[in-house]
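Spelled out, the chains give:
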Amino acid sequence: MDYAIQQILNALSFGAEYALIALGLAIVFSIMGLVNFAHGEVIAFGGYSMVIVGTLLTKNPFILMAAVLLACVAMSVLLERVAFRTVRRADLTTGLLTAFGVSIILQNLFLLLGSPRPIPATQFIFLDQTVTLGAIQVSSLQIYETLATAIAIVVLLVFLRRTTLGLAMRAAALDFEMVRLCGLRANRVIACAFAVSGLLAGLACIFIMARRGSVLPHMGFDPVLTAFVACVIGGFGSLPGAVLGGFLLGAVEVAVLVLLPQNYGGLAHAVVFSLVALILVWRPDGILSPAKEKGDKI
């Protein structure tokens, strides 16, 4: 029983991280139809911002957390204004190629201006402590990450359902042209979506930095690819689907690691994505596809 609880906590921790990043992807896609693969570089920018602020100004971890969140929000909004606003009316392929191009440019900038080697950044390590719960020992980071994700989801739901701007974003996800005809400013709605996406990226960055203890130019790319798969599983453009896909992917990943013999641990990702393929054969549009659940897209 203790071993089962341990693995459930591991699955929740992995799923929470994937859900945070997947939400950031889904909220932009639901409004713009853009798969923002540069979301990973927003996470990396938050890590580098933490290093800069920690070196030049303060090492207070709570101020650094605020700096990471602000940096990710600012970078996400800047990317929308500079890179994505000009291709807003273009087809999906153009937006996808633009996102990939921005991702590659930012990765190379981090390599040139920073370092291809990991830069130590240990200010958030204090989040990762061993906690004893009865007969099992868990990482406090797992608990913090799961709780932070749950709180972020609740706050996001309240924002989307109880505020004027949130309601405008939900309406834009259903019919963007109608929102513009009603007199709402399109630029403001989309910039708000990118700001929320950046805030979620900042939260993910804090937990990734606490786990890794260093920053790399490519540190956000792999998590975003995994979160992209989570969005596909849940149904791209559906926020509940992004959360469901993230936690489901985390549970499957942990289950595969537990069930596979240790000698075959390297095949874990192959098995996970094979199972994902089977899920998509069953539901090609995702488990909570927006196409099947109009009215609850966001």
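Each value, and the rule that gives it
Residues numbered from 1 in each chain as written. Predicted model: local features only at pLDDT ≥ 70, side-chain atom pairs only at ≥ 80, totals over all residues. Heavy atoms only, no water. Helix = DSSP H or I, 4+ residues; strand = E, 2+ residues; numbered from the N terminus. Rg over C-alpha atoms; globule rule 2.2 N^0.38 Å. Buried < 20%, exposed > 50% of the residue type's maximum accessible area, 1.4 Å probe, protein only. Contact = heavy atoms within 4.5 Å. Areas by Shrake-Rupley, 256 points an atom, 1.4 Å probe, with all protein chains shown as cover. Lys, Arg positive; Asp, Glu negative; His and termini not counted. Charge placed at Lys NZ, Arg CZ, Asp CG, Glu CD. Salt bridge = Lys/Arg side-chain N within 4 Å of Asp/Glu carboxyl O. Patch = residues over 30% accessible without salt bridge, like charges linked within 9 Å, V, L, I, M, F, W, Y side chains within 5 Å. Phe/Tyr/Trp six-rings, centres within 6.5 Å; stacked < 30°, edge-to-face > 60°. Core = buried A, V, L, I, M, F, W, Y, C linked by side-chain atoms within 4.5 Å. Disulfide = S-S within 2.5 Å. Axes fitted to C-alpha atoms, helices over the stretch in contact; angles between N-to-C directions. Parallel < 35°, antiparallel > 145°, perpendicular 65-115°, else oblique. Left-handed = near helix turned anticlockwise from the far one by under 90°. Nonpolar A, V, L, I, M, F, W, Y, C, P; charged D, E, K, R; others polar. pLDDT = per-residue confidence, 0-100.

Below, the discussion takes up the overall build of the chain. From N to C terminus, the chain includes 11 helices and four strands. Its C-alpha atoms give the chain a radius of gyration of 19 Å, within 12% of the compact-globule value 19 Å for 298 residues. Summarising its shape, the C-alpha atoms of the chain cover approximately 60 × 50 × 35 Å along the three principal directions. When each of the 298 residues of the chain is scored for burial, the buried share is 49%. The contacts of the chain with a sequence gap of at least 6 include a subset with a gap of at least 24, amounting to 77%. When the accessible area of the chain is evaluated, it comes to approximately 14300 Å², of which 68% is carbon and sulfur surface. Positive and negative side-chain charges of the chain, numbering 18 and 14 respectively, have mean locations separated by a distance of 10 Å.

On to the pattern of salt bridges. If you walk through the whole model with that rule in mind, you get four salt bridges. For arginine 85, the salt bridge identified is with glutamate 80, shortest N-O distance 3.1 Å. We classify arginine 85 as partly exposed; its relative accessible area is 23%. Residue glutamate 145 pairs with arginine 211 through a salt bridge whose shortest N-O separation is 2.6 Å. Note that glutamate 145 is positioned in helix α5 (residues 140-162) and arginine 211 in helix α8 (residues 186-212), a separation of 66 residues in sequence. Residues participating in the shared-partner salt-bridge network are Glu17, Glu145 and Arg211.

This part is about a nonpolar patch on the surface. A grouping of Ile105, Leu109, Leu112 and Leu113 is seen on the molecular surface, where their side chains present a nonpolar patch of about 470 Å² in accessible area. As for its placement among the helices and strands, isoleucine 105 is situated in helix α4 (residues 92-113).

With that settled, consider the environment of arginine 170. Topologically, arginine 170 is positioned in helix α6 (residues 164-174). Accessibility expressed as a relative area gives 18% for arginine 170, which makes it buried. Counting along the chain gives 133 residues from arginine 170 to phenylalanine 37, while the straight-line C-alpha distance between them is 22 Å.

A full pass over the atoms with the stated rule returns eight aromatic pairs. A centroid spacing of 6.0 Å and a plane angle of 65° characterise the contact between phenylalanine 62 and phenylalanine 126, whose relative ring orientation is edge-to-face. Here the residue phenylalanine 62 occupies a position in helix α3 (residues 61-84), and phenylalanine 126 occupies one in the loop between β1 (119-120) and β2 (130-133), the gap between them amounting to 64 residues. Residue phenylalanine 62 is classed as exposed on the basis of its relative accessible area, which comes to 57%.

As a further point, take the nonpolar core. One finds Ile31, Ile43 and Phe124 to be the most contacted residues of the largest nonpolar core, which totals 85 residues. A total of 16 residues in this core trace back to one element, the largest contributor, which is α8. Other than its neighbours up to four places away in sequence, isoleucine 31 contacts Met169, Ala172, Ala173, Phe176, Val189, Ile190 and Ala193.

To continue, consider the state of the cysteines. Enumeration over the complete set of coordinates arrives at zero disulfides. Cysteine 205 provides the cysteine sulfur closest to cysteine 72, a residue in no disulfide bond, and the two sulfurs are 5.1 Å apart. Looking at cysteine 192, it has no disulfide partner, and the nearest cysteine sulfur is the one in cysteine 72, 16 Å off. Taking relative accessible area as the criterion, cysteine 192 reaches 12% and is therefore assigned buried.

The subject of this paragraph is the packing of helix α2 (residues 39-56) against α4. In a packed pair of helices, the relevant descriptors are the angle between the two axes and the axis-to-axis distance. Here α2 crosses α4 at 20°, and the two axes come no closer than 10 Å. With respect to their mutual orientation, α2 and α4 come out roughly parallel. The chirality of how α2 crosses α4 is left-handed. In contact with Glu41, Ala44, Phe45 and Tyr48 of α2, α4 contributes Ser103, Leu106, Gln107 and Phe110. Residues of the contact of α2 with α4, tallied by class, amount to five nonpolar, two polar and one charged.

Attention now goes to the confidence of the model for the chain. Averaged over all residues, the pLDDT of the chain is 85; the fraction at 70 or higher stands at 94%. No element of the chain has a lower mean pLDDT than helix α7 (residues 176-181), which averages 74, and none a higher one than α3, which averages 94. Within the model, the stretch residues 292-296 combines pLDDT values under 50 with seven contacts to residues more than four positions away or in other chains.

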